[in-house]
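# Structural overview
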Amino acid sequence: MLYFLLKRLGGAALVLAIVAVLVFLLTRLASGDPVALLLGDQATAADIAAARVQYGLDQPLLTQFVLWIGQVLQGNLGESIFLQMPVLQALAGRAEPTTFLALFSVAIAAGIGVPCGMAAAVWRGSRADQIVSTVAMLGASIPSFWFGLILIQVFAVHLGWFPASGYGDPGASLGDRVQHLLLPAIVLGVLNSALVIRFTRASILDILGEDYVRTARAKGLAEGVVLIKHVLRNALVPIVTVLGLTLALMIGGTVVTETVFNLPGVGNLVVRAVLRRDYPVIQGTLLVVAAIYVFINLVIDLLYTVVDPRIRLEGRQ
């Protein structure tokens, strides 16, 4: 297990190093000068030059990269050019809505995807399978912004059941926060459940053909026991994988949904940073998102040994 962890941590460090290089280069290759955007049209050439010196943008790219990596290794992602605060502080202020939105969305995706995928596999070729497969295909094809606008129009404007946008007042209660997140969570959860349905269906179908499933049925076990204890349990590896990757993608990929619902999350922060060419925020946020993605993949690998003891035994050989 120690060798397994060290190997995964080494791979994670390599991935983060590559991400850091790519993020730095891509931000610098983008057109636009953050200092010029910050100071406005009335700024003189001397003002712009002085500001570039202040933020270290006058130095060679290699020097800028080395200085940034040195700060990152010390736990400092730099200071935002426009927000005038540390990037970590800006991320901490936006982390709550994005984190809760991702968790609620994955819970909805799992609650829809796993039962529907199981039903489609058990009744393969039936009308139920065709309906589930069609709905999954539609869910994978519908744009999230369109679905979000439809839900806002129906449930927020016409029925008035949920807020149309925002995250509540600064002193709002947890219940109020959750109410603001329900519609965007439904958008992401329903659309991402399509992938969970397909993976669950394929995984369940593979297990249903195994000999030990036929043996369990031949023993006279109830169908529910066979499905839960023998089929679903052995099909969990790909299901856990897709749910974990879905969570990771949602944390870094809620930009459109947060924009539609005007949520003050990480995605909204990145959009504003890109428009302003706020290099420290872009670099720091993307690096943190990549680190979260790598961490979730590591957790998934560890969960494999829990849901499938055969993997743990193979690692000892």
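Residues numbered from 1 in each chain as written. Predicted model: local features only at pLDDT ≥ 70, side-chain atom pairs only at ≥ 80, totals over all residues. Heavy atoms only, no water.

To keep it simple, the criterion reads: UniProt positions are given in the numbering used here, feature names are shortened, and annotations may be inferred rather than shown by experiment.
As recorded in an unreviewed UniProt entry, the chain goes by the name ABC transporter permease, listed as coming from Castellaniella ginsengisoli. Its UniProt record gives the chain the following Subcellular location (unreviewed entry) comment, quoted word for word: "Cell membrane". Listed under Sequence similarities (unreviewed entry) in UniProt, the entry text for the chain is "Belongs to the binding-protein-dependent transport system permease family."

### Side note on the UniProt feature "transmembrane region" (unreviewed entry) in the chain
Definition in use: Secondary structure elements are defined from DSSP: runs of H or I of at least 4 residues count as helices, runs of E of at least 2 residues count as strands, and each element is numbered from the N terminus.
When the UniProt feature table is mapped onto this chain numbering, "transmembrane region" (unreviewed entry) sits at residues 100–123, 135–161, 181–199, 236–261 and 281–307. Along residues 181–199 one finds 100% helix and 0% strand; the C-alpha atoms at either end are 26 Å apart.

### A few points about the nonpolar core
To keep it simple, the criterion reads: By convention a nonpolar core is built from buried Ala, Val, Leu, Ile, Met, Phe, Trp, Tyr and Cys residues, the set being connected through side-chain atoms within 4.5 Å. Classification of residues uses two cut-offs on accessible area relative to the type maximum, computed with a 1.4 Å probe and protein chains only: under 20% is buried, over 50% is exposed, and between them is partly exposed.
Ile 204, Val 231 and Leu 243 are the most contacted members of the largest nonpolar core, which has 43 residues in total. Counting residues per element, the ones that place at least two in this core are helix H5 (87–122), helix H7 (144–158), helix H8 (174–208), helix H9 (211–218), helix H10 (223–232), helix H11 (236–252) and helix H14 (279–307). If you tally residues by element for this core, the top one is H8, at 10 residues. Of all hydrophobic cores here, the second largest spans 10 residues; its members include Leu 77, Val 270, Ala 273 and Ile 282.

### Examining the side chain of Gln 64
Assignment of secondary structure puts Gln 64 in helix H4 (residues 61–73). Taking the relative accessible area as the measure of exposure, Gln 64 reaches 8% and is therefore buried.

### Description of the environment of Ile 282
So the rule is basically this: Should any heavy atoms of two residues lie within 4.5 Å, those residues are considered in contact.
With respect to the helices, strands and loops of the structure, Ile 282 is situated in helix H14. For the pair formed by Ile 282 and Thr 257, sequence separation is 25 residues and the distance between their alpha carbons is 19 Å. Ignoring sequence-local partners within four residues, the contact set of Ile 282 consists of Val 23, Thr 27, Ala 273 and Val 274.

### As for the side chain of Thr 285
Mapped onto the elements, Thr 285 comes out in helix H14. Contacts of Thr 285, omitting those with residues within four sequence positions, involve Leu 91, Val 266, Leu 269 and Val 270.

### A closer look at the packing of H7 against H8
To be explicit about the condition: Angular values range over 0 to 180 degrees, each being the angle between N-to-C directions of two axes fitted as lines to C-alpha atoms, with helices fitted over their stretch in contact. Relative orientations are named as follows: roughly parallel for angles under 35 degrees, roughly antiparallel for angles over 145 degrees, roughly perpendicular for angles from 65 to 115 degrees, and oblique for any other angle. What makes a crossing left-handed is the near helix being turned counterclockwise from the far one by less than a right angle; a clockwise turn instead makes it right-handed. Under the grouping applied here, Gly and all other residues not named as nonpolar or charged are polar, the nonpolar ones being Ala, Val, Leu, Ile, Met, Phe, Trp, Tyr, Cys and Pro and the charged ones Asp, Glu, Lys and Arg.
Orientation of H7 relative to H8, taken along the N-to-C sense of each, is 135°, at an axis distance of 10 Å. With respect to their mutual orientation, H7 and H8 come out oblique. The hand of the H7/H8 crossing is right-handed. Contact residues: H7 offers Ser 144, Phe 147, Gly 148, Leu 151, Ile 152, Phe 155 and Ala 156, while H8 offers Leu 183, Ile 186, Val 187, Val 190 and Leu 191. Along the lines of polarity and charge, the residues of the contact of H7 with H8 split into 10 nonpolar, 2 polar and no charged.

### With respect to the packing of helix H6 (residues 127–141) against H8
Running from N to C, H6 and H8 cross one another at 135°; their axes reach a closest spacing of 7 Å. The angle between H6 and H8 falls in the class oblique. H6 and H8 meet at a crossing whose hand is left-handed. Judged by residue contacts, Asp 129, Val 132, Ser 133, Ala 136, Gly 139 and Ala 140 of H6 engage Leu 191, Ala 194, Ile 197 and Arg 201 from H8. Within the contact of H6 with H8, the residues separate by chemical class into 6 nonpolar, 2 polar and 2 charged.

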